[in-house]
Amino acid sequence: MTFESLMTYVGWPLIKIVILLGVVAFCVAYTVYIERRLLGFFQSRVGPNRVGPFGLIQPIADGLKLILKEDIIPANAQPFLFRIAPIFAIVPAFVGFAIISFAPPLVTGAGVVHPFVVKDVNLGILFLLSITSLGVFGIVLAGWSSGSKYPLFGSLRSASQMLSYEIPLTLSVLSVILMAGSFRLSDIVDAQSKLPFAIPLILAFGVYVISAVAETNRIPFDLPEGESELVGGFHTEYSGMRFAFYFLAEYANVVLVCCVATSLFLGGYKIPFVPYETLLAAHPILVSALGLAVFGVKAVLFLYFYIWIRATFPRYRYDQLLRIGWMVLLPIALLNLFLVAGIKLWLLR
Amino acid sequence: MTTELREAAGTSPLRKALETTTMELNFGPQHPATHGVYRAVLQLDGERVVGIESIIGYLHRGIEKWVEYRTYTKATPIFDRLDYVGAILNCHGYVGTVEKLMKIEVPKRAQYIRVVLDELQRIANHLLWLGTHALDLGAMTVLFYGLREREVIMDLFEAMVGQRLLQNAYPIGGVRLDFPRGWERACRNFMAELPHRLDEYETLLSSNRMWLQRTKGIGVISGAEAVALGLSGPTLRGSGVYFDVRKCIPYGSYEDFDFEVPLGENGDVYDRYIVRVREMRQSLRILQQALDGMPEGPLMPEKLSKIIRPPAGEVYFSVEGAKGQLGYYLVSDGTDKPWKCHVRSPSFINLQGLEKMVVGGLVADVVANIGSLDIVLGEVDR
Amino acid sequence: MPGALHRLVRMMTFPELASGLGVTFKWFHKPKVTEFYPDKRPVLPYRAKGRLHVDLETCISCKMCERACPEDCIKVFQPPKEVFKTDKRPVQFFISLEHCIHCGMCVDPCPTGSIHHSQEFEMASYLRNDYLFDRTTLPYDLDVKHFKQGILENVVEKGQ
Ligand code: SF4
Ligand code: SF4
């Protein structure tokens, strides 16, 4: 094994992973800040603005506080499961980022291509869906091992909610795959160079947005945590760093969903209105940098929409939520899938 | 476990294994949705509520007993602590009772000023209620909008009587001071702004399908049941029963004003919500009329002895509090201290309706129902 | 049928949810109402019932405030009889702000207006003793009137 091959298979991915982890953790922390801040603006107040300029150091202060807090394990809890449950929650949320291409690959001289992705798996979407659905284990385990009733309720709700919304979500993603003809995320993004899929697949996009909100347990579908009913939901008994894990996992999921929606429906890093070739002719780095910026802007816009929804709507009830999942979203997603398949088969042949 | 299954299982160990039991869930006293230290022990069959037991008394301060050791005047501020989000109304109830006992004629201007402050307090109470009720159902923005408007009322109170929450607004006999300069203008500005804000809340809630699904047909209580349980206030009117102390047993010049009593139709959470929202609009109407027709005159009756020493006897007087009929029962033995005091606190009695509302519903509806009752634990426990 | 169609269209297009989003979006751009308290101190209105001030120079030790207080947190000590004939100022005046509920009932009966609320509202302290004011620690009312009459020096002297 030569040094080059070692670098290709171990070195570079490791470096990328470390960079990505850092960047993602940073983004997630600041997502919390952005959310609190924007939520404040929507509610006619200013949000956190005390720690540092504009409250920018707030996430760090929060993190420090959580690290320094006592880690309480309730007497009724099952200590082992209680301890590892947060890991189950946070790992899938972060692993999902591995397959997302954040920018167009950087083409340096002599045709060497550096993709901006940890690993562009050819079954990327499938990997993503299966990994993210593992997150529910963290929640169920937390609820079960806490030995307390509110978390139990929260986790049961969460399990059924995630199961029911995974299906419309997957179906809506399937129609994207049909359109693009590939499971690979970079291929899907490339297939959107003319038109983001959000326009032809408006139904699928709608279903995706709604089920994504449900998947990430946010208002109006934040039943597992339903603050007013279940105190804190599945993480009621957690404190300190373990609670922070859940918190981070939740927001990592939010960021992940935003990134995935950007890649699948909003054209990913494709720069609108400017042909790729002209930019490439200008400077290869420019393409990548602009692509990264465009990706970021799209993702942040999506996040803004998310927060906006949270600021506006009340919460559904448990049974209503499941009914919407099975009786509204699922048929729509199926219909959409058949439509797309039909169009693809007979019209776009 | 269905009956057939149970029959099939007979007395076998399988039966024991399949047996399901109800789960007991402690709802409170420290719980985000109980609006204070209220505790409900729920019996749950899955997510369905099959029984509820209210446990109260965590905020008991013995106010009724306390009053027996204080003179009539000194007892005034303590009644603010009953329903601390509608303090002025409590105060009005108490001073009204003593005035009735002593047959004091409150000057007309003082009565009108009391009406103005009362209605402002009612709006403030309903705004806070709206916010917290919406927050219980997940719509957190309404809380902040409601608090924002309530803040203006609080500032008006502070300028008028000096305190924001527990104002000790009225002395026995009338009011202490007239409106400060510019107060009326500020109040009118607020009154001009509020209807638009109420429209916004209704856009956020009344027409929102999630809100409708969460509130329509939930916690239904019929008019007859509500009357039988002694409910009052918006909780009763939500069930379509026309009873408003301001209309039915007028006090403090309320007969001078032209306003409607909004009624609900089905007696569900939505009706109780919409009744309160409409009530705020009616309160604005009363305010408008009271400010426009404010008579001139003294603020305190001319001959009022410094020491309040009512004749022996008993008296019951009630006002339309923020939560319902707020009644005071006083027994005087001719000394300067009440011999016995009892408060008919609407929150306490409205809480009786909770069982009718929640049994058979889901856990999430318990929250909606508690919210729709608008209880304040200071008043429930006294 | 058109009614059902209309309902279906409404159901699928969320007009009422969109108007709700419009409301929150509207306030997103409006100026915020948050008060920046320690940076910007609010000016309380004239009638605000803040910390009690007592002008011990004008007080005539009549104990009206003491009798009116529902929480019994005022204690006034009259000077001895011989002195009281000429100088009615109290020898000792206790106010326990720990118990005070800022109800204003002591202010109403005071014949001289010596006891009154100020607009001071920052009364938090770590020590219970800080809430018990006697004649050496009572916040005097440093009125313009006092400056003019040259009483201020007296007050400060006596206070120490
Ligand atoms: S404000 Fe009220 S409680 Fe405080 S000293 Fe005066 S009378 Fe007593
Ligand atoms: S009522 Fe006024 S004058 Fe009388 S003792 Fe109190 S402060 Fe002094």
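Residues numbered from 1 in each chain as written. Chains lettered and ligands numbered in written order. Predicted model: local features only at pLDDT ≥ 70, side-chain atom pairs only at ≥ 80, totals over all residues. Heavy atoms only, no water.

1. With respect to the overall build of chain A
Check the secondary structure of chain A and you find 13 helices and two strands. Here the C-alpha atoms of chain A give a radius of gyration of 21 Å, agreeing with the 20 Å that 2.2 N^0.38 yields for 349 residues. Based on the C-alpha atoms only, the size of chain A along its principal axes is roughly 65 × 50 × 50 Å. A burial count over chain A gives 53% of its 349 residues as buried. Of all intrachain contacts in chain A linking residues separated by at least 6 positions in sequence, the fraction that spans at least 24 positions is 77%. If you sum the accessible surface of chain A, you get close to 15,600 Å²; carbon and sulfur atoms cover 76% of it. If you average the places of the 23 positive and of the 18 negative side-chain charges in chain A, the two averages end up 4 Å apart. (Helix = DSSP H or I, 4+ residues; strand = E, 2+ residues; numbered from the N terminus. Rg over C-alpha atoms; globule rule 2.2 N^0.38 Å. Buried < 20%, exposed > 50% of the residue type's maximum accessible area, 1.4 Å probe, protein only. Contact = heavy atoms within 4.5 Å. Areas by Shrake-Rupley, 256 points an atom, 1.4 Å probe, with all protein chains shown as cover. Lys, Arg positive; Asp, Glu negative; His and termini not counted. Charge placed at Lys NZ, Arg CZ, Asp CG, Glu CD.)

2. Examining the interface of chain A and chain C
A common way to report how large an interface is uses the accessible area buried once the components associate. In this complex, chain A contributes 15 residues to the contact, which on the side of chain C involves 15 residues. At the boundary of chain A with chain C, total buried surface from both sides reaches about 1,500 Å², with 74% on carbon and sulfur atoms. Looking at the side of chain A facing chain C, the largest losses of area belong to Ser-44, Arg-50 and Trp-308 of chain A, adding up to 33% of the total buried there. For the pair chain A and chain C, the interface holds one salt bridge. Asp-39 of chain C is paired through a salt bridge with Arg-50 of chain A; the nearest N and O atoms lie 3.7 Å apart. Inspection of the region where chain A meets chain C yields five residue pairs in polar contact (both at pLDDT 80 or more). Listed by contribution, the elements that provide at least two residues to the side of chain A that touches chain C are helix 1 (3–42) and helix 12 (284–312) of chain A. Among the elements that take part in the side of chain A that touches chain C, helix 12 of chain A stands out by supplying five residues, more than any other. (Buried area = accessible area lost by both parts, 1.4 Å probe. Salt bridge = Lys/Arg side-chain N within 4 Å of Asp/Glu carboxyl O. Polar contact = N/O pair within 3.5 Å; in protein donor to acceptor, adjacent residues only side chain to side chain.)

3. Section: the pairing of strand 2 (residues 74–77) of chain C
All names here are of chain C. Side chains Ile-74 and Val-76 project from strand 2 onto a buried face, and the interleaved Lys-75 and Phe-77 project onto a face without burial. In this structure, strand 2 lies alongside strand 3 (residues 92–96), joined through four bridges in antiparallel fashion. Of the residues in strand 3, the one forming a bridge with Ile-74 is Ile-95. (Pairing = 2+ DSSP bridges.)

4. A look at the confidence of the model for chain B
Summing up the model confidence of chain B, the mean pLDDT is 85 and the portion of residues at 70 or higher is 96%. Reported confidence for the predicted complex is 0.81 by ipTM and 0.86 by pTM. (pLDDT = per-residue confidence, 0-100.)

5. A look at the site of ligand 2
Of all residues adjacent to ligand 2, which total 13 residues, the nearest are Cys-59, Cys-62, Lys-63, Cys-65 and Cys-110 of chain C. When the residues that make up the shell around ligand 2 are grouped by side-chain class, the tally is nine nonpolar, three polar and one charged. (Near = heavy atom within 4 Å. Nonpolar A, V, L, I, M, F, W, Y, C, P; charged D, E, K, R; others polar.)

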